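# Topology and contacts: notes
Single-letter residue listing:
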Amino acid sequence: MSDTLYIQTEKNVEVHHPHVYLQDIAKLSCSNSKILNRLRVLPVANLKPDKPGRYVISVMDLINDIQPREPELDITHIGEPTFILTYQKEGTINIVIRWCKVFFVCLATFFGAGFSIMTFNNDVDVPALFEQIYTQVTGLKTDGFTALEISYSIGIGFGVLFFFNHFGRMKLTDDPTPMQVQMRLYEDDVNTTIIEDVSRANKEEP
């Protein structure tokens, strides 16, 4: 009875050295420990050290590398048939540049959210609505700074905190935040686009 190798691959794998082995990009399982140890150190890619980037790899290429070395081995694949290998050299991102990016994103998010709220209030004419409600309920003319405006402003702040489920390192629940969900969706879309572009380019080649 021949041994079986199980290979599990994710959609995007990050490595920090140009010499890539099978264990760096896939999870391996095999009842035969000798075969497993040999395949873990199987070279699958030699990237240019000075060219970080994303590379598309097919599981069929991995199987073609394994079969000549282990012809009697049965291979069962689990996961993505085509995935992205992201090569990023360690220490290439300056900590100052990283914090500058974080600061810029925070500023853009803060002022963008504030502008969106102001334009919404302008579109639906919230001040006029509050003035009308206040006059009808109290019979007095509002000066624009009443309990309605105060509670509305506080409510927006709490509403944003509850919606995004995140304040600093504190989270209200263990569920992923809407920002995390959107970032994962964006990441999936980017990965899918890269894979499809490479696939189409290969088909167009004569």
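Preceding this section is the structure that the text describes.
First things first, this report covers the structure right here in the doc. For every chain, the first residue of the written sequence is number 1, and numbering continues from 1 onward in sequence order. At least 70 in pLDDT is required for a residue's local features to be given in this predicted model, at least 80 for side-chain atom pairs to be given and counted, and no such filter applies to totals for whole chains, interfaces and linings, which use all residues. The basis for the side-chain values is all heavy atoms of the structure; hydrogens and waters are excluded.

Glancing now at the packing of helix α5 (residues 126-138) against helix α6 (residues 147-164). The convention used is that axes are lines fitted to C-alpha atoms, helices contributing only their stretch in contact, and that angles between N-to-C directions extend from 0 to 180 degrees. Under the scheme used here, helices are H or I runs from DSSP no shorter than 4 residues and strands are E runs no shorter than 2 residues, and both carry numbers assigned from the N terminus. Where α5 contacts α6, the two axes come as close as 10 Å, and the packing angle between them is 135°. Considered as vectors, α5 and α6 are oriented oblique to each other. Facing Val 126, Phe 130, Ile 133 and Tyr 134 of α5, the residues of α6 in contact are Leu 148, Glu 149 and Tyr 152. As a working rule, the residues Ala, Val, Leu, Ile, Met, Phe, Trp, Tyr, Cys and Pro are called nonpolar, Asp, Glu, Lys and Arg charged, and the rest polar, with Gly in that last group. Among the residues forming the contact of α5 with α6, the class breakdown is six nonpolar, no polar and one charged. Roughly parallel means an angle under 35 degrees; roughly antiparallel means over 145; roughly perpendicular covers 65 to 115; every other angle is labelled oblique. By definition in these notes, contact holds between two residues if any of their heavy atoms fall within 4.5 Å.

Its 13 residues give α5 an end-to-end C-alpha distance of 18 Å, which sits within 8% of 18 Å, the value for a rise of 1.5 Å per residue. Directly after α5, the chain includes Gly 139, whose backbone phi takes a positive value near 80°. In a helix, the anticipated span is given by 1.5 Å times the number of residues less one.

Paired rings are identified among Phe, Tyr and Trp, the last through its six-membered ring, by centres lying within 6.5 Å, and are further divided according to the angle between planes into stacked (under 30 degrees), edge-to-face (over 60) and tilted (the rest). All chains considered together, the criterion is met by two aromatic pairs. For the pair Phe 130 and Tyr 152, a centre-to-centre distance of 5.3 Å together with 80° between the ring planes defines the contact as edge-to-face. Residue Phe 130 is located in helix α5, and its partner Tyr 152 is located in helix α6; the two are separated by 22 residues in the primary sequence. Only protein chains enter the accessibility calculation, which uses a 1.4 Å probe. A residue is then buried if its area is under 20% of the maximum for its type, exposed if over 50%, and partly exposed in between. Residue classification places Tyr 152 among the partly exposed positions, given a relative accessible area of 26%.

The subject of this paragraph is the state of the cysteines. Disulfides are defined as pairs of cysteine sulfur atoms found within 2.5 Å of each other. This structure, assessed with the given rule, holds zero disulfides. With no disulfide partner, Cys 100 has as its closest neighbouring cysteine sulfur the one in Cys 106, 12 Å distant.

What follows is about unusual backbone geometry. Even without a glycine there, the phi angle at Asp 125 is positive, about 55°. Relative to the assigned elements, Asp 125 resides in the loop between α4 (95-124) and α5. Residue classification places Asp 125 among the partly exposed residues on the basis of a relative accessible area of 42%.

Before going further, it helps to spend a moment on a nonpolar patch on the surface. Exposure above 30% relative accessible area and the lack of any salt bridge qualify a residue for a patch; like charges then connect within 9 Å, and the nonpolar side chains Val, Leu, Ile, Met, Phe, Trp and Tyr within 5 Å. Only the protein chains shown count as cover for residues, and the accessible areas themselves come from Shrake-Rupley with a 1.4 Å probe. Put simply, a salt bridge is a Lys or Arg side-chain nitrogen that is within 4 Å of an Asp or Glu carboxyl oxygen. A cluster of nonpolar side chains, namely Phe 145, Ile 150, Ile 154, Phe 158, Leu 161 and Phe 162, defines an oily patch on the protein surface of about 630 Å² accessible area. Judged by relative accessible area, which is 49%, Phe 158 ranks as partly exposed.

On inspection of all chains with the given rule, the structure shows one salt bridge. The shortest N-O distance in the salt bridge between Glu 70 and Arg 38 comes to 2.9 Å. Of this pair, Glu 70 sits in the loop between α3 (59-66) and β7 (74-79) while Arg 38 is found in helix α2 (residues 33-40), placing the two residues 32 residues apart along the sequence.

Another point: the side chain of Thr 146. Summarising the element assignment, Thr 146 is placed in the loop between α5 and α6. Think of a polar contact as two N or O atoms within 3.5 Å of one another; within protein, one of them needs to be a possible hydrogen donor and the other a possible acceptor, and neighboring residues in sequence only count if both atoms come from side chains. Looking at Thr 146, its side chain comes within polar contact range of the side chain of Glu 149, at 2.3 Å.

All right, on to the sheet that holds β7 then. Note: two strands are recorded as paired if DSSP finds a minimum of 2 bridges between them. Strand order in the open sheet formed by three strands is β4-β1-β7, with mixed pairing between adjacent strands. Only two strands of the sheet have a single neighbouring strand rather than two, namely β4 (27-30) and β7. Recorded for the sheet is a direction-independent mean angle of 20° between the axes of neighbouring strands. As defined by bridge partners, strand β1 (residues 4-9) adjoins β7 across six bridges and the pair is classed as parallel. Note that in β7 the partner of Thr 4 across the bridge is Asp 74. Strand contacts of α2: β1 and β4, with the helix running at about 160° to β4, the strand carrying the most contacts.

In summary, soluble globular proteins display a tendency toward joint burial of nonpolar side chains. To qualify as a nonpolar core, a set must consist of buried Ala, Val, Leu, Ile, Met, Phe, Trp, Tyr and Cys residues joined through side-chain atoms within 4.5 Å. Residues Leu 5, Val 20, Leu 22, Ile 25, Leu 39 and Ile 66 are the most contacted members of the largest nonpolar core, which totals 26 residues. If you list the elements that add at least two residues to this core, you get β1, β2 (12-15), α1 (22-25), β4, α2, β5 (43-46), α3 and β8 (82-87). Examining the composition of this core, we find that four residues originate from one element, α3, more than from any other.

Moving on: the sheet that holds β2. The strand order β2-β8-β6 describes an open sheet built from three strands, whose pairing is mixed. Here the strands that pair on one side only, and so sit at the sheet edges, are β2 and β6 (53-58). Averaged over all neighbouring strand pairs, the angle between strand axes comes to 25°, with direction disregarded. With six bridges connecting them, β6 and β8 associate as antiparallel partners. Bridging across to β8, Tyr 55 finds its partner in Leu 85. Across the sheet, α3 touches β6 and β8, and the angle it forms with β6 is around 65°.

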